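Fold and contact review
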Amino acid sequence: MQRKKKVPLLEFSNVSAQRGTTTALNDITLSVDLGENAAIIGPNGSGKSTLIKLITRECYPIQNSSESFIKILGETVWDVSRLRSMLGIVSPDLQEICNRRISGRDMVVSGFFSSIGLFPYQYVTEDMIDQANSILDLLNISHLADRSMTDMSAGQARAMLIARALVHDPQALILDEPTSSLDPSATRKFLKSLSELAKAGKSIIMVTHHIHDIIPEIDRIIMIKNGRVFADGSKKELIKESVLSELFSTPVEIQKKDGFYYLLR
Ligand code: ADP
Ligand code: MG
């Protein structure tokens, strides 16, 4: 029997990127298959958000060799609106620009138009509203549908943006620091929703500097340090005190509980 060929969701080959005068990424080569759940971890300033911005085309790679490329679902050339329908991407920058006086439901429905909020020229169908309502239900945030984005907590607003990213039924969700500014209870609730989405078959790619964000469904760990891939492997191999101490340049102690890892110091 022929084995089913894996589809690469993301492929970075010898990719470098400059932010201002800083070389934020230096010769990154990595590949994540569709269906994989992965965490990209590393200290602050290591280049994690730059990696995401290369995918969303908010940053461009330095073209330094013919072997240097970025492929998304096997394609090197893609248009941003098509990309948005294939991948759901939620970042702190997006959250900032979505902090507007728009109801949660309208924010979610606006995902169909790749806009932020709805405009009179857009034709919203019953079907779109039904779909938005069922996603709000799935994420347990239906009670916030009529609340303004400006009157939501950081966690609630973030959940709304995940809902917005899900309207196209993307194959993968890419999240940059998804639990930043959430309190422990909001973090737990949020990670539980992510686990549900992973169980429902979405690829979850999460960028974080907190090991407690690594939901049990994530098995692949990509470590970034000083703009380079520091290590790439399974959770069992890499979520270890010795490796994490080196990654974060400080001695750490970890504890595992219910499939999650916690930093003790
Ligand atoms: P991370 O997400 O891992 O914290 P970033 O990708 O945001 O790291 O940043 C990588 C490097 O690029 C850091 O040294 C940071 O200071 C620098 N950098 C990020 N954004 C900018 C910017 N807009 N202008 C100049 N330098 C930047
Ligand atoms: Mg970042």
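Source: prediction; values computed, not measured.

Moving on, we get to the sheet that holds strand β1 (residues 8–19). Strand pairing in a sheet relies on backbone hydrogen bonds. The paired strands run either parallel or antiparallel. Strand order in the open sheet made by the 3 strands is β2-β1-β4, with antiparallel pairing throughout. The two strands at the open ends of the sheet, each matched to only one other strand, are β2 (22–33) and β4 (69–72). Averaged over all pairs of adjacent strands, the angle between their axes in this sheet comes to 20°, without regard to strand direction. Pairing of β1 with β2 involves 8 bridges; the strand directions are antiparallel. Across the sheet, residue R19 finds its bridge partner in β2, namely T22. On top of the sheet, helix α1 (residues 48–55) reaches β1, β2 and β4; it is set at about 115° to β1, its chief contact.

Around ligand 1, a shell composed of R19, G20, T22, A24, P43, N44, G45, S46, G47, K48, S49 and T50 is seen. With respect to ligand 1, the side chain of R19 contributes an N or O atom lying 3.1 Å from a nitrogen atom. One of the side-chain N or O atoms of T50 is found 2.5 Å from an oxygen atom in ligand 1. Across the complex, the protein chains shield 61% of the 560 Å² of accessible surface that ligand 1 would expose by itself. Contributions of two or more residues to the shell around ligand 1 are made by β2 and α1. With 3 residues, α1 is the single largest residue contributor to the shell around ligand 1. Of the residues that constitute the shell around ligand 1, the class distribution is 2 nonpolar, 8 polar and 2 charged.

Counting residues in hydrophobic clusters, the biggest one holds 56 residues, and the most contacted among them are I41, I162, L194, I221, M223, I239 and L244. Considering every element that reaches this core, the biggest residue donor is helix α6 (residues 154–166), with 8 residues. Sequence-distant contacts of I239, defined by excluding residues within four places in its chain, comprise I41, I214, I221, M223, L244, I254 and Y261. By size, the runner-up hydrophobic cluster in this structure holds 30 residues, among which are A38, L51, I89 and V207.

Moving on, we get to unusual backbone geometry. A positive phi angle, close to 45°, is found at L73, a residue other than glycine. Position of L73 relative to the elements: it lies in the loop between β4 and α2 (80–86). The phi torsion at E177 lies on the positive side, around 45°, for a residue other than glycine. As for its placement among the helices and strands, E177 is situated in the loop between β6 (172–176) and α7 (184–199).

Reading across the sheet, the 6 strands line up as β5-β6-β7-β3-β8-β9 and stay open at both edges, with mixed pairing between neighbours. If you trace the sheet from one side to the other, it starts and ends with β5 (87–90) and β9 (228–234), each paired once. Taking the axes of each pair of neighbouring strands and ignoring which way they run, one obtains an average angle of 15° across the sheet. For β6 and strand β7 (residues 203–208), the ladder comprises 5 bridges, and the chain directions are parallel. Counterpart to I174 in the pairing with β7 is I205.

Conventions and cut-offs
Residues numbered from 1 in each chain as written. Chains lettered and ligands numbered in written order. Predicted model: local features only at pLDDT ≥ 70, side-chain atom pairs only at ≥ 80, totals over all residues. Heavy atoms only, no water. Pairing = 2+ DSSP bridges. Helix = DSSP H or I, 4+ residues; strand = E, 2+ residues; numbered from the N terminus. Axes fitted to C-alpha atoms, helices over the stretch in contact; angles between N-to-C directions. Contact = heavy atoms within 4.5 Å. Near = heavy atom within 4 Å. Polar contact = N/O pair within 3.5 Å; in protein donor to acceptor, adjacent residues only side chain to side chain. Areas by Shrake-Rupley, 256 points an atom, 1.4 Å probe, with all protein chains shown as cover. Nonpolar A, V, L, I, M, F, W, Y, C, P; charged D, E, K, R; others polar. Core = buried A, V, L, I, M, F, W, Y, C linked by side-chain atoms within 4.5 Å. Buried < 20%, exposed > 50% of the residue type's maximum accessible area, 1.4 Å probe, protein only.

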